[in-house]
Amino acid sequence: MAGNVTLPAGEYRVQKLDGSSAVVLISCADASASAMVLSNAAQAKETQTQSKLIFKRYENRYFLSQVWTAGSIRGRELLKSRAEKEIAQSARLETTGEVTLVARLLPPGRNAPSQPPMAS
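Residues numbered from 1 in each chain as written. Predicted model: local features only at pLDDT ≥ 70, side-chain atom pairs only at ≥ 80, totals over all residues. Heavy atoms only, no water.

Colleague: What's the story with the overall build of the protein chain in this structure? I'm lost.
Modeller: A count of helical and extended segments in the protein chain gives one helix and seven strands. In the protein chain, which comprises 120 residues, the share counted as buried stands at 40%. Excluding contacts between residues fewer than 6 apart, the proportion of contacts in the protein chain whose partners are at least 24 apart in sequence is 56%. (Helix = DSSP H or I, 4+ residues; strand = E, 2+ residues; numbered from the N terminus. Buried < 20%, exposed > 50% of the residue type's maximum accessible area, 1.4 Å probe, protein only. Contact = heavy atoms within 4.5 Å.)

This is how it looks when you write it as structure tokens:
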């Protein structure tokens, strides 16, 4: 899930809507699904060596939580949706966790709209 939208498994493009925006656009490579979610700036202690997407897991549901780009200490932390807040409150501690997926950076201009992607 990203925000309030359930997205099927697949290959996605993740990018900020524009350079200074708090909105992250998540779109399926085959254009079958997309979501726009609000995010806050996040900062790591060290430069990221890999682009990655971090998901919060509650039982068998996964919520996109953070987006990080290789070579930067800055990332984006997605705001929790109402559904995630409700699930987090009722989830048993032993079934919660975090899942990290390594992402691949695309070169600017490769099937991108007006802005280069953060990660795919």
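The discussion continues.
Colleague: Looking at this model, I keep getting lost on the pairing of strand S1 (residues 12-16). Mind explaining?
Modeller: If a strand is regular, its side chains alternate between the two faces of the sheet. Along S1, four of the five residues are buried, which leaves the element largely enclosed by surrounding structure. Inspection of the sheet shows S1 paired to strand S2 (residues 23-28) by five bridges, in the antiparallel sense. The residue bridging Arg13 from the neighbouring strand is Ser27, located in S2. (Pairing = 2+ DSSP bridges.)

Colleague: How should I be thinking about the sheet that holds strand S7 (residues 96-103) in this particular structure?
Modeller: Strands belonging to one sheet form pairs held by backbone hydrogen bonds; the direction of such a pair is parallel or antiparallel. Pairing within the open sheet is antiparallel, and its seven strands lie in the order S1-S2-S3-S6-S5-S4-S7. Sheet topology places S1 and S7 at the edges, where each strand pairs with a single neighbour. Sheet twist, expressed as the average angle between the axes of neighbouring strands with direction ignored, equals 30°. (Axes fitted to C-alpha atoms, helices over the stretch in contact; angles between N-to-C directions.)

Colleague: Help me understand the pairing of strand S4 (residues 51-58) in this model?
Modeller: Relative to S7, S4 is paired through eight bridges, and the arrangement is antiparallel. By the bridge assignment, Leu53 is partnered in S7 with Leu101. Relative to strand S5 (residues 61-68), S4 runs antiparallel, the two sharing seven bridges. For Ile54, the partnering residue across the bridge sits in S5 and is Gln66. The hairpin turn running from S4 into S5, its antiparallel successor, is two residues long, and Glu59 in that turn takes a positive phi close to 55°.

Colleague: Is there a simple way to think about the pattern of salt bridges in this case?
Modeller: Oppositely charged side chains can form a pair if their charged atoms are brought close together. Throughout the structure, instances matching the rule amount to three salt bridges. A salt bridge links Glu98 to Lys56, with the nearest nitrogen and oxygen atoms 3.0 Å apart. Here Glu98 is found in strand S7, whereas its partner Lys56 is found in strand S4, with 42 residues between them in sequence. On the accessibility criterion, Glu98 (49% relative accessible area) is partly exposed. Linking Glu86 and Arg82 is a salt bridge whose minimum nitrogen-to-oxygen distance equals 3.5 Å. You can see Glu86 and its partner Arg82 sitting in helix H1 (residues 82-90), four residues apart, about one turn around the helix. (Salt bridge = Lys/Arg side-chain N within 4 Å of Asp/Glu carboxyl O.)

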